[in-house]
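Each chain, letter by letter, is given below.
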Amino acid sequence: MSHYQPLGGRVVTLPFVFLGVLALIGLYYLADRFINGMGAVTNLNGGFPWGIWVVYDIVVGTALACGGYALAVTVYIFNKGQYHPLIRPALLASLLGYGLGGLGAIIDMGRWWQFYNLFLPWQMNFNSVMLEVGLCVSAYIVVLMIEFLPTVLEKFKAEALLKKLNKVLFIVIALGVLLPTMHQSSLGTMLIAMGWKVHPLWQTLHLQPLLAVLTAFTMGFSIVVFEGSLSSVGFRRKPETHLLSGLGKIIVGLIATYLVIRFGEILVRGKLGLVFAGDLASLMFLIETALFVYPLVVLMSPRGRENARSLLFAAVSMLLAGTLYRFNAFLITLDPGPGYSYFPALPEIMVTVGLVAIEIMVFLFVVKTFPVMPREDHAPAPNV
Amino acid sequence: MNRRDFLRASLGGAAAALSSGGASARPNLTPAPEAVGMLFDSTLCVGCKACVSACKEVNDMPPTVLGDDVQYDSARDLSHETLNVIKVYTNGQPITKDSVTDGFAFEKRSCMHCVDPGCVSVCPVTALIRHPVTGIVTYDAEVCIGCRTCMTGCPYNVPQFDYGNPWGMLYKCQMCNQKGVERIDKGGMTGCAESCPTGATLFGSRAALLEEARRRMTLQPGEIYNYPRGDVREPSSHHEKAVPHYQQHVWGEKEAGGTNVMHISSIPFDKLGMPPLGERSHVSISEGVQHTLYSYMALPAVVLGGLTWLVKRNTDDEGDDV
C-alpha cells in the first residue's frame, strides 16, 4: 500500500472559483500582450527591460519552488528518510512553480516564436549565463515531471511501469539535485554582468552565485515548512510539526552562513556606510536583513521550532527575506541611470496574479485527486 | 572515503567553486585587429542633429515627432526608432557653450561598440556578434528570442526593444554595416559621420581616432587647430577653429575594456550622463565565474557522479519510492 493518499473532497469550492476569476483576468491581459505587444500591458522600458514577469515569475518564483530540491537533498543526499512523507507535496509545488517560471519566460520573451534557438547547439553562446539558466531550467522541469511521475502511475495503477521507473529514478533524483544548484546559482551570476546598475549593497560580484544558491536553498526549506503548516490548517490535517521543526534547525544553519558571507562581503569591501546611508537602498537592506534575522532568532530556540505558529511565522519571514533580496537586487534598487523608472502596470501585475492563481488551482486539484499527501490515521473530511 | 567525508569534501568544493575565488576570471577582451569606430568631440557639436536625420535615412527609420514640432526629428533618447540621438547638457543659465556652470554642451548617444561588449557576452543565442576583424557589434533578429538580457548587460542602455509591436525586435546602431546596408564593407563611412558639418563625429580606425583624440588633448587652449571632417584617415575637408579646454580624458580608451566609439569633451563625462565604469568589464568577471563552474562541464559531471552514488545508496538502504 502506498504511503500517500488523495485528500478527496470537492474540487470546485468557493476559493477555487475565486482563483478561477483571477486566472481569467490574467488570461485576458495575456491575450492582450500577444495581440498588441508587451507595451500594451507592461511598463517595461529601455532602462528596465525586466519587470515582475522576470523578477517574480522566474527569479523569485523558481526560488520559492525549491522545496523539492531542498527536500531531495535532505532525504536522498543526507539520508534523512524521516522527511520522506513531505516530499511529494514539495515536488508538486516545485513542478508547478518551475512550470510557472517556464511559462513566465515564454510570455516575457519578446520573440517567443524563435525560442527554439536556445536549443540549437550552433546558436548557443557558452559565455552566456542566460543560456545556462534557460537550458538548466528547461531540463529541470523535465526532471521534476519524471520525479512526479510515480504519483501519476500510482493513481492509474500502472504498477509494471512504476517498478521499472523506480529502478532508474535514482539518476533522475541526482539530476534533480544538481540542476537547481546550477541554475539557482546562475540567477545570481546574472547580476554580475548587470554591473554598475546593481546597487553596491547587492553587487557582490564573485559571491553572487553562492548567495543566490544559499537563499534558494533556505527558501526551499521554508516553503516546505510553510506549506506543511498551511495544509495542516487548511486541510485540517494532523500537523507535521516534529518533521518541520527539524527543517527549522537546517534553516538556522543556512541563514547564519548566508548572513556571515553577506556582511563579511560588505565589511571587506568597505560598504558598511551604504547600509546606514538613509536612502531607499539602505532602508530596503535593513528591512531585508530584519526578515532574515527574525527566523534565525525564532528558530534558534527549541521552543520556537516546536511551536507550530512561530514556525509558520519564521518560514513566512524567511520567504519574504529571500523574495525581497531578489527584488531589491533586480528591480527595487536597480538604477540604470537618469530618465528611467519602473513600477509594474496593473495588467502586468494581473498576469502574474493570474498565473499564480492557476498554479494554486492545479495544486488543489492534484492533491485532492492524486496520492500526494502522506497517509494519516485519522484524516477528517477535508472541506477547503 | 565514507559518506560523511565525501559530503564534507563536496560541499566545501561546491562552496569554493560557487564563490570561485576570481582566480580564473579572464582579462578584458582587446580591440579587434582592424577595429573601426568613431570619435565624437562634444566641443565641435553644434546640436544641428543632421546625424540623427541621416541615421534614420540610412537605416530606413521614421522621424520622431513630438507635439507640433514636425520640421525636424525631435527624438529625446534612444528608442526602437532612434539609433543615434543628440542630447543636451545645461546648467544654470545656459549661456556659454562647453562651460560646466551656466553653460550647455551636446552629447551623442549611440552604440559605443564596446571592445568587450556586454550584450555579446550575455546573449544566449549569439544574436549579437562582435565582428572578428572590424569589432563592429551587429544584431541578428532572425535568431533573437527577445529575452532582453543584452539590455541588462549593456552599460550604456543602448539596445532598445520595440515593446509596442507584438512581433517587435531589438534596435541598436550597427555602424551602418548591417545586412543590406554594409556601408563599411563597401569602403564607406557611417551616416552620422558623413553628415556631420563640423567633424564632431569622425569616422576611422580605432587606432587613428585614438591618436587624433590624444593629439587634441595636447593642444593649448586658444591655439588654432585644423579640424578634419568625415574619415580621419582621409578627411573630406577641414576647418580651422580655436582649441577649447579639453578634459584630459578620452572616454572609451579604457572604460570597461574600452569602446570603438570614443568621446572627448570640455565637460566631465559623468555630467554628460556617462555611466560610472571602471577599467574592468563586468562580463569578464561573469564569464570567469561561468567558466570556472562549467569548464567542459567537468565540475557538474563529477558532482552528478557523486550525487548519483549517494542517491543510489540511500534509496537502496530503504527500498524507497518517491
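Structure's up top.
Attention in this report is confined to the structure presented alongside it.

Reading the values: the criteria
- Residues numbered from 1 in each chain as written.
- Chains lettered and ligands numbered in written order.
- Predicted model: local features only at pLDDT ≥ 70, side-chain atom pairs only at ≥ 80, totals over all residues.
- Heavy atoms only, no water.
- Pairing = 2+ DSSP bridges.
- Helix = DSSP H or I, 4+ residues; strand = E, 2+ residues; numbered from the N terminus.
- Axes fitted to C-alpha atoms, helices over the stretch in contact; angles between N-to-C directions.
- Contact = heavy atoms within 4.5 Å.
- Left-handed = near helix turned anticlockwise from the far one by under 90°.
- Nonpolar A, V, L, I, M, F, W, Y, C, P; charged D, E, K, R; others polar.
- Salt bridge = Lys/Arg side-chain N within 4 Å of Asp/Glu carboxyl O.
- Buried < 20%, exposed > 50% of the residue type's maximum accessible area, 1.4 Å probe, protein only.

1. Considering the sheet that holds strand 9 (residues 201-205) of chain B
All names here are of chain B.
For step 1, the next point in the chain: In spatial order, the strands read 9-1-12; together these three strands make up an open sheet with mixed pairing. The open sheet terminates on both sides in strands that have one partner only, identified here as strand 9 and strand 12 (261-264). Strand-to-strand twist in this sheet, taken as the mean axis angle between neighbours without regard to direction, amounts to 25 degrees.
For step 2, the next point in the chain: Across four bridges, the pairing between strand 1 (residues 36-41) and strand 12 is parallel. Residue pairing across strands places Leu 39 opposite Met 262, the latter belonging to strand 12.
For step 3, the next point in the chain: On the sheet, helix 6 (residues 206-218) packs against strand 1, strand 9 and strand 12 and is oriented at approximately 130 degrees with respect to strand 9.

2. So, the packing of helix 8 (residues 241-268) of chain A against helix 12 (residues 308-332) of chain A
Residue and element names in this part refer to chain A.
For step 1, the next point in the chain: Running from N to C, helix 8 and helix 12 point in directions that differ by 35 degrees, and their axes come no closer than 11 Å. Like other packed secondary-structure pairs, helix 8 and helix 12 cross with a definite hand, here left-handed. For the pair helix 8 and helix 12, contact is made by Thr 241, Leu 244, Ser 245, Ile 255, Tyr 258 and Arg 262 and by Ala 308, Leu 311, Met 318 and Tyr 325, respectively.
For step 2, the next point in the chain: Taken together, the residues of the contact of helix 8 with helix 12 break down into seven nonpolar, two polar and one charged.

3. Here's the deal with unusual backbone geometry
Residues and elements named next belong to chain B.
For step 1, the next point in the chain: With phi around 65 degrees, Lys 49 is a residue other than glycine that occupies positive phi space.
For step 2, the next point in the chain: Structurally, the position occupied by Lys 49 is in the loop between strand 1 and helix 2 (50-58).
For step 3, the next point in the chain: Even without glycine at this site, Asp 60 takes up a positive phi of about 55 degrees.
For step 4, the next point in the chain: Assignment of secondary structure puts Asp 60 in the loop between helix 2 and strand 2 (84-90).

4. Quick word on the pattern of salt bridges
Residues and elements named next belong to chain B.
For step 1, the next point in the chain: For the coordinates displayed, the defined rule picks out 17 salt bridges over all chains.
For step 2, the next point in the chain: Its salt-bridge partner being Lys 97, residue Asp 98 comes within 3.3 Å of it at the nearest N-O pair.
For step 3, the next point in the chain: Arg 216 is the salt-bridge partner of Glu 212, the closest N and O atoms lying 2.9 Å from each other. On the criterion of helical spacing, the pair formed by Glu 212 and Arg 216 is a turn pair, its members being four residues apart in helix 6.
For step 4, the next point in the chain: On the basis of relative accessibility, which here comes to 4%, the residue Glu 212 falls in the buried class.

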